[in-house]
Amino acid sequence: MRAVNTIAWALACRLFEQGGSTLEPALSDAERQGLARLIELKAAKPHKLDLRFALCPYCELLRGPVVQGEYGLTCQCPDCGSVPLDPRDTRSWTLEPEWVISKLRAAFEVPPQQGHVSVISGIWRIGHHHQHPLILARSLDHVLRHLASIPRASTNGTSPPWLITPKPLRDVDVDPFGGALDWLPMEERFTLYGGNLQFLAPGATPIATAAVSTRAVNGPFSADFRAVHLADWPHGQIRLSDAQAAVFKALWHYKGKPQSAEIIMNKAGRGSTKPIDVFKVKSQNKGEVDYEGPMHAYRALVTTDRRSGTYAMRCAANVIA
Ligand SMILES: [Zn+2]
């Protein structure tokens, strides 16, 4: 139950940052479990889709016209031909910002008479906590682009504002605002429990969250793919960089089916040409556990077919849901 909550909250943060709607087939199997939880909590709502076109469930790359076939709906993929559509292939979801706002307000025990306002699109003032104005934003970058809106968002506070945003995929300075406000990354500072959010105060060691978030839930990987557990690695869990986590997550998505480097790196959203590029150990780091660990994981988990130039991660093929 706890693990599902962790996945659900990580997904909620991602969908909140993204805004708009997300197609269900674009989610991993674990994320779909998280989605089910978010639907149950009424955090995610169905989004009306244009049913004339759908993402091909086979290649998950191209869109094709939807046609009523003999046994139900099919997608006419330009590459794969006629592919049957599962009803869930055509569903898409949006995360309700109102849900995030109300749960965060509850976590900080903001009294109802303190309202919440939209400062600009994607930035809200959601109340005060111990004199700290609470600012919620869709992303850290959105705030950095609209810094002028921060003083407006933090009126009536005598203490530095607290800024709540999802954690970006890239590495970020712990203090991107040089002390002018305290940043609370949503994934680290809050946990979803019993349908509500719990706040972990800055300065408090989030031991419980750390223990949960690095637990293996996607095969040997943690929910966010930043940690991997391998029995043959004697130095404990292997911590991965953002780029390495993104590559493993992309490989995981293809469920053990071999894919070209281009498809995987595109899915991972990384500029490198080949998956191994982000794992290579520079000569000055040779022999260091922190650098050798991810490379060890890559060699242990990823199968390369040199002839066809494809990559696959077998452990993603037989996932117990
Ligand atoms: Zn296709």
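Residues numbered from 1 in each chain as written. Predicted model: local features only at pLDDT ≥ 70, side-chain atom pairs only at ≥ 80, totals over all residues. Heavy atoms only, no water.

## With respect to the environment of Cys56
Consideration 1: With respect to the secondary-structure elements, Cys56 resides in the loop between strand E3 (53–55) and strand E4 (63–69).
Consideration 2: On the basis of relative accessibility, which here comes to 1%, the residue Cys56 falls in the buried class.
Consideration 3: Linking Cys56 and Cys80, residues 24 residues apart in sequence, is a C-alpha distance of 8.1 Å.
Consideration 4: Once you skip the residues sitting within four places of it in the chain, Cys56 turns out to touch Leu61, Leu62, Cys75, Cys77, Cys80 and Val83. (Helix = DSSP H or I, 4+ residues; strand = E, 2+ residues; numbered from the N terminus. Buried < 20%, exposed > 50% of the residue type's maximum accessible area, 1.4 Å probe, protein only. Contact = heavy atoms within 4.5 Å.)

## Remarks on the pairing of strand E5 (residues 72–77)
Consideration 1: Both E4 and E5 contribute to a ladder of four bridges, which runs antiparallel. If you follow Gln68 over to E5, its bridge partner there is Leu73.
Consideration 2: Adjacent in sequence and paired antiparallel, E4 and E5 are bridged by two residues.
Consideration 3: Of the strand pairs in this sheet, E5 and strand E6 (residues 81–84) are connected by four bridges, and their pairing is antiparallel. Among the inter-strand pairings, Cys77 is bridged to a residue of E6, identified as Gly81.
Consideration 4: The hairpin turn running from E5 into E6, its antiparallel successor, is three residues long. (Pairing = 2+ DSSP bridges.)

## Overview of the nonpolar core
Consideration 1: With 34 residues, the main nonpolar core has Trp9, Phe108, Leu136 and Ile164 as its most contacted residues.
Consideration 2: Among the elements that make up this core, the one with the highest residue count is helix H1 (residues 2–18) (seven residues).
Consideration 3: Beyond its immediate sequence surroundings of up to four residues, Ile164 is in contact with Leu104, Phe108, Ile126, Ile135, Leu136, Ala137, Leu184, Met186 and Phe190.
Consideration 4: Ranked by size, the runner-up nonpolar core spans 31 residues in total, among them Ala243, Ala245, Phe279 and Tyr298. (Core = buried A, V, L, I, M, F, W, Y, C linked by side-chain atoms within 4.5 Å.)

## A look at the side chain of Arg32
Consideration 1: Assignment of secondary structure puts Arg32 in helix H2 (residues 29–40).
Consideration 2: Discounting residues that sit within four places of it in the chain, Arg32 has contacts with Glu24, Pro25, Leu27 and Arg88.

## A look at the domain arrangement of the protein
Consideration 1: What the domain assignment lists for the protein is domain 1 (1–49 + 95–213), domain 2 (50–90) and domain 3 (235–316).
Consideration 2: Inter-centroid distance (C-alpha atoms) of domain 1 to domain 3 is 29 Å.
Consideration 3: Each partner contributes residues to the interface: domain 1 has nine residues there, and domain 3 has seven residues.
Consideration 4: Counting each side, the surface lost to burial between domain 1 and domain 3 is near 560 Å², with a carbon and sulfur contribution of 39%.
Consideration 5: Counting the contacts that link domain 1 with domain 3 gives one salt bridge. (Domains from an automatic or database assignment. Buried area = accessible area lost by both parts, 1.4 Å probe. Salt bridge = Lys/Arg side-chain N within 4 Å of Asp/Glu carboxyl O.)

## Description of the side chain of His142
Consideration 1: Inspection of the secondary structure assignment puts His142 in helix H4 (residues 140–145).
Consideration 2: For His142, the contacting residues outside a window of four places in its chain are Ile120, Ser121, Gly122 and Ile123.

## Overview of unusual backbone geometry
Glycine aside, a negative phi is what most residues show, and trans is what most peptide bonds show.
Consideration 1: Within the chain, Gln131 stands out as a residue other than glycine whose phi angle is a positive 70°.
Consideration 2: Mapping Gln131 onto the fold places it in the loop between strand E9 (123–129) and strand E10 (132–137).
Consideration 3: Its relative accessible area of 42% is what places Gln131 among the partly exposed residues.
Consideration 4: The phi dihedral of Phe225 falls on the positive side, at around 65°, and the residue is not glycine.
Consideration 5: One can find Phe225 in the loop between strand E16 (221–222) and strand E17 (227–228).
Consideration 6: A relative accessible area of 2% means that Phe225 is categorised as buried.

## Some words on helix H3 (residues 97–107)
Consideration 1: Every buried residue belonging to H3 is among Trp99, Val100, Ile101, Lys103, Leu104, Arg105 and Ala107, and all of these are buried.
Consideration 2: Of the residues one or two after H3, Glu109 is the one with positive phi, at around 50°.

## Topic: the packing of aromatic side chains
Consideration 1: This structure, assessed with the given rule, holds twelve aromatic pairs.
Consideration 2: Residues Phe108 and Trp162 carry aromatic rings whose centres are separated by 6.0 Å and whose planes lie at 50° to one another, so their mutual orientation is tilted. One end of the pair, Phe108, is in the loop between H3 and strand E8 (117–120); the other, Trp162, is in strand E11 (residues 162–165), and 54 residues separate them in sequence. Across this residue pair, the class does not change: Phe108 and Trp162 are buried.
Consideration 3: Judged by centre distance (4.6 Å) and plane angle (50°), the rings of Phe108 and Phe199 are tilted. On the criterion of sequence distance, the pair formed by Phe108 in the loop between H3 and E8 and Phe199 in strand E14 (residues 196–199) is long-range, its members being 91 residues apart. Of the two residues, Phe108 and Phe199, both sit in the buried class.
Consideration 4: Grouping aromatic residues by their ring pairs yields a cluster made of Phe221, Phe225, Phe248, Trp252, Phe279 and Tyr298.
Consideration 5: In this arrangement the basic side chain of Arg138 is found over the ring face of Phe16, its NZ or CZ atom lying 5.0 Å from the centre.
Consideration 6: The positively charged end of Lys257 is found above the aromatic ring belonging to Tyr58, 5.3 Å away from the centroid. (Phe/Tyr/Trp six-rings, centres within 6.5 Å; stacked < 30°, edge-to-face > 60°. Lys NZ or Arg CZ within 6 Å of the ring centre and 35° of its normal.)

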